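Structural overview
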Amino acid sequence: MTQARQGLMYAKDPHVVIVGGGFGGVAAAKALRDAPVRITLIDRTNHHLFQPLLYQVATSVLPPGDIASPIRGILRKQANVSVTLGEVTSVDKAERNVTVDLSDGTREVVTYDYLILATGARHSYFGKDEYEKHAPGLKSVADALAIRNRILRAFEQAETTEDPVKKGLLTFVLVGAGPTGVEMAGAMATLVRRTLKSSFRRINPQSARIILVDQANRILGPFSEALSKKAQKHLEGLGVEVRLGHGIESIDGDGVVVGGERIISKTVIWTAGVAASPAGKWLNAETDRAGRVHIQQDLTMAGYPEVFVIGDTASLNQDGKPLPGVAQVAMQQGRYAGKLIHRRVIGRKDMAPFRYFDKGNMAVAGGNFAVLQCRKVQLSGLLGWLPWAAIHIAYLAHSSLRLAVLVQWLWTYLTGQRGSVLVVNHHASPHQECSRQVVHPLIASGS
Ligand SMILES: Cc1cc2nc3c(=O)[nH]c(=O)nc-3n(C[C@H](O)[C@H](O)[C@H](O)COP(=O)(O)OP(=O)(O)OC[C@H]3O[C@@H](n4cnc5c(N)ncnc54)[C@H](O)[C@@H]3O)c2cc1C
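An unreviewed UniProt entry lists the chain under the name NADH:ubiquinone reductase (non-electrogenic), with Edaphobacter modestus as the source organism. Turning to the chain, the UniProt annotation filed under Catalytic activity (unreviewed entry) states: "a quinone + NADH + H(+) = a quinol + NAD(+)". In its Sequence similarities (unreviewed entry) section, the UniProt entry covering the chain states "Belongs to the NADH dehydrogenase family."

Counting its secondary structure elements, the chain contains ten helices and 26 strands. Computed over the C-alpha atoms, the radius of gyration of the chain is 22 Å, within 12% of the 22 Å expected from 2.2 N^0.38 for a compact globule of 447 residues. With the C-alpha coordinates of the chain rotated into their principal frame, the extents come out at 70 × 45 × 40 Å. Out of the 447 residues belonging to the chain, those deemed buried represent 53%. Taking all contacts inside the chain whose residues are at least 6 apart in sequence as the whole, residues at least 24 apart take part in 65%. Per element, the accessible surface of the chain, about 20,100 Å² overall, is 52% carbon and sulfur. Here the chain carries 51 positive and 37 negative side-chain charges, and the mean point of each set is 7 Å from the other.

Turning our eyes to something else, we now look at the sheet that holds strand 12 (residues 240–244). With respect to topology, four strands assemble into an open sheet ordered 12-11-10-16, the strand pairing being parallel. Pairing within the sheet leaves two strands with one partner each, and these edge strands are strand 12 and strand 16 (267–270). Ignoring which end each strand starts from, the neighbouring axes of this sheet average 20 degrees apart. Across five bridges, the pairing between strand 11 (residues 209–214) and strand 12 is parallel. By the bridge assignment, Asp-214 is partnered in strand 12 with Leu-244.

Taken together, 28 residues form the shell around the ligand, and within it Gly-24, Asp-43, Gln-51, Asp-312 and Ala-327 come nearest. A distance of 2.6 Å separates an oxygen atom of the ligand from a polar side-chain atom of Asp-43. Within the side chain of Asp-312, one N or O atom sits 2.8 Å away from an oxygen atom of the ligand. Here the ligand loses 89% of its free accessible area of 1,000 Å² to cover by the protein chains. Elements represented by at least two residues in the shell around the ligand include exactly helix 1 (23–31), strand 2 (38–43), strand 5 (81–92) and helix 8 (327–345). Top contributing element to the shell around the ligand by residue count: strand 5, with three residues. Per-class residue counts for the shell around the ligand are eleven nonpolar, twelve polar and five charged.

To continue, consider the nonpolar core. Counting 67 residues, the largest nonpolar core has Phe-155, Met-184 and Trp-409 as the members making the most contacts within it. The next biggest cluster of nonpolar side chains, apart from the first, holds 51 residues, and it includes Val-91, Ile-116, Ala-118 and Leu-340.

Attention now goes to the environment of Phe-50. Take Phe-50: it is sitting in the loop between strand 3 (47–49) and helix 2 (54–58). Exposure remark for Phe-50: the relative accessible area of 5% places this residue in the buried category. Sequence separation of Phe-50 and His-392 is 342 residues, and the distance between their C-alpha atoms is 9.1 Å.

Moving on to unusual backbone geometry. For Asp-163, which is not glycine, the phi torsion reads 55 degrees and is therefore positive. Relative to the helices and strands, Asp-163 is located in the loop between helix 4 (141–160) and strand 10 (171–175). Located in the positive-phi region is Leu-220, a residue other than glycine, with phi close to 50 degrees.

Counted by the stated rule, this structure contains 13 salt bridges. With a shortest N-O distance of 3.5 Å, Arg-44 and Glu-87 are connected by a salt bridge. Residue Arg-44 is located in the loop between strand 2 and strand 3, and its partner Glu-87 is located in strand 5; the two are separated by 43 residues in the primary sequence. Among the residues examined, Glu-87 registers a relative accessible area of 37% and is labelled partly exposed. Across the pair Arg-96 and Glu-306 runs a salt bridge whose closest N-O atoms are separated by 3.5 Å.

With that settled, consider the UniProt feature "domain: FAD/NAD(P)-binding" (unreviewed entry) in the chain. As recorded in UniProt, the feature "domain: FAD/NAD(P)-binding" (unreviewed entry) lies at residues 15–334. The distance from the first to the last C-alpha atom of residues 15–334 is 17 Å, and the span holds 25% helix and 32% strand.

A grouping of Leu-410, Tyr-413 and Leu-414 is seen on the molecular surface, where their side chains present a nonpolar patch of about 360 Å² in accessible area. Mapped onto the secondary structure, Tyr-413 falls in helix 10 (residues 399–415). Tyr-413 sits in the exposed class, given a relative accessible area of 51%.

On to the environment of Ala-226. If you trace the backbone, Ala-226 turns up in helix 6 (residues 225–237). Residue class for Ala-226 comes out partly exposed when judged on its relative accessible area of 43%. C-alpha of Ala-226 to C-alpha of Gln-378: the two residues are 152 residues apart in sequence and 9.1 Å apart in space.

With that settled, the discussion passes to the sheet that holds strand 20 (residues 304–309). As summarised here, the arrangement of the eight strands in space is 7-6-5-2-1-8-20-19, forming an open sheet in which the pairing is mixed. Either end of the sheet is taken by a strand with one partner, and the two such strands are strand 7 (107–111) and strand 19 (300–301). Of the strand pairs in this sheet, strand 5 and strand 6 (residues 97–102) are connected by six bridges, and their pairing is antiparallel. Of the residues in strand 6, the one forming a bridge with Ser-90 is Thr-99.

The volume enclosed by the second largest pocket comes to roughly 500 Å³. The wall of the second largest pocket is formed by 26 residues, among which Gly-367, Asn-368, Trp-385, Trp-409 and Thr-412 lie closest to the centre. Listed by contribution, the elements that provide at least two residues to the lining of the second largest pocket are helix 2, helix 5 (179–195), helix 9 (382–395) and helix 10.

Thresholds applied
- Residues numbered from 1 in each chain as written.
- Predicted model: local features only at pLDDT ≥ 70, side-chain atom pairs only at ≥ 80, totals over all residues.
- Heavy atoms only, no water.
- UniProt positions renumbered as here; feature names shortened; annotations may be inferred.
- Helix = DSSP H or I, 4+ residues; strand = E, 2+ residues; numbered from the N terminus.
- Rg over C-alpha atoms; globule rule 2.2 N^0.38 Å.
- Buried < 20%, exposed > 50% of the residue type's maximum accessible area, 1.4 Å probe, protein only.
- Contact = heavy atoms within 4.5 Å.
- Areas by Shrake-Rupley, 256 points an atom, 1.4 Å probe, with all protein chains shown as cover.
- Lys, Arg positive; Asp, Glu negative; His and termini not counted.
- Charge placed at Lys NZ, Arg CZ, Asp CG, Glu CD.
- Pairing = 2+ DSSP bridges.
- Axes fitted to C-alpha atoms, helices over the stretch in contact; angles between N-to-C directions.
- Near = heavy atom within 4 Å.
- Polar contact = N/O pair within 3.5 Å; in protein donor to acceptor, adjacent residues only side chain to side chain.
- Nonpolar A, V, L, I, M, F, W, Y, C, P; charged D, E, K, R; others polar.
- Core = buried A, V, L, I, M, F, W, Y, C linked by side-chain atoms within 4.5 Å.
- Salt bridge = Lys/Arg side-chain N within 4 Å of Asp/Glu carboxyl O.
- Patch = residues over 30% accessible without salt bridge, like charges linked within 9 Å, V, L, I, M, F, W, Y side chains within 5 Å.
- 1 Å grid on protein atoms, 1.4 Å probe; cavity = no way out; pocket = protein on both sides within 12 Å on 5 of 7 lines; lining within 4 Å.
- Points joined across faces, edges and corners; volume = space filled by probe spheres on them.

Given below as structure tokens:
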């Protein structure tokens, strides 16, 4: 048995520093469970976030504590891991160290023998960063709560305002018709048509306009044309207006201009682009247009066999195409990096180069209608939703979360009511609203 497995960490063991406790970072740490190494996992939040269900927090279906769990809790039984709450701000490849701004305001330099950068991605406004204040994106718990507040506050204001339609309070614009935009649009349509239907007296929430905009000619680009058409038809059946073929020309505090038309809207949500974390800058590495670090087939940076870059922050081609920024890629790369380091530490031969095994794509287009594409298999409707639901539940970090989400979905399905229709005071911390977070406290990232 290794020393690490007995709960003892010796300074002579190689030190693996993992930056990021998302899908890639946690998978890498777990893959090193039996390795004779000391692991320090650094994240700027204290929780691992299940981003695929963030849209359900933004649309009041789930409270944030149902889709996020403390990283310490996930790795508590793995004695060779120590978790640090802090933000990495630079990497010195020559000296093999990272600089971390710690949560107490101090700064620390942490040296490594192996480094795994798994810092994910953030929104990209394609050079129009001024859009951000009018059109927030969805990436963190804090983002989801801010969007939920905006949506619910718009209805509250509409109830007490003269002519709310003219003021754009009942018009919601989603920019970007990829999986996140489609899932948000579908969930908002069911929110207004089912959950909020009879909650107001002066306004009719069902009259709210939900407009999904994309410059592409179809929604859900990564899916087949047939599935994207079915999803669009379903969304339109729920009352979503789908506007394709025109990019956004401008966004301001009163709405957007798209295809030359001014749409007055107090709630615009950005579901379009992502850019990698600044890891490429820290490494002074070659990156693609989205800032993702070009890595080699063993997931390391060229010339630095001890530096691994994985997940959304890495760029790797397979069969001539770049791997997508999805959770499966990050998890498989995390496992690979962990196993490879283990082998190198104990002096065994390297494994074959990394190869991504694509398990398919899924997206929900409102209610219990999902599209699923896995090689030749294409499913839609409830047949797509059932595997979507099973897989999402299975991949949540804890059985307590699985149970909580299942119960909430069942409740919403039966009653139309959602778990978290709260406007939270801006100055209150997000966890004040959610009793489950007393057990799973979250520190929400604002970025
Ligand atoms: C709204 C949304 C919906 C999605 N839906 C799906 C889906 O349905 N299916 C799917 O497969 N994928 C989906 N994705 C994509 C998927 O979530 C990502 O591909 C996946 O999270 C990438 O994993 P990662 O480990 O690279 O990064 P992440 O999971 O994003 O983790 C990065 C971690 O690094 C930390 N971090 C970042 N910078 C620093 C720093 N400087 N210092 C310390 N810590 C830092 C962050 O706090 C975070 O915990 C979705 C993403 C979003 C935003």
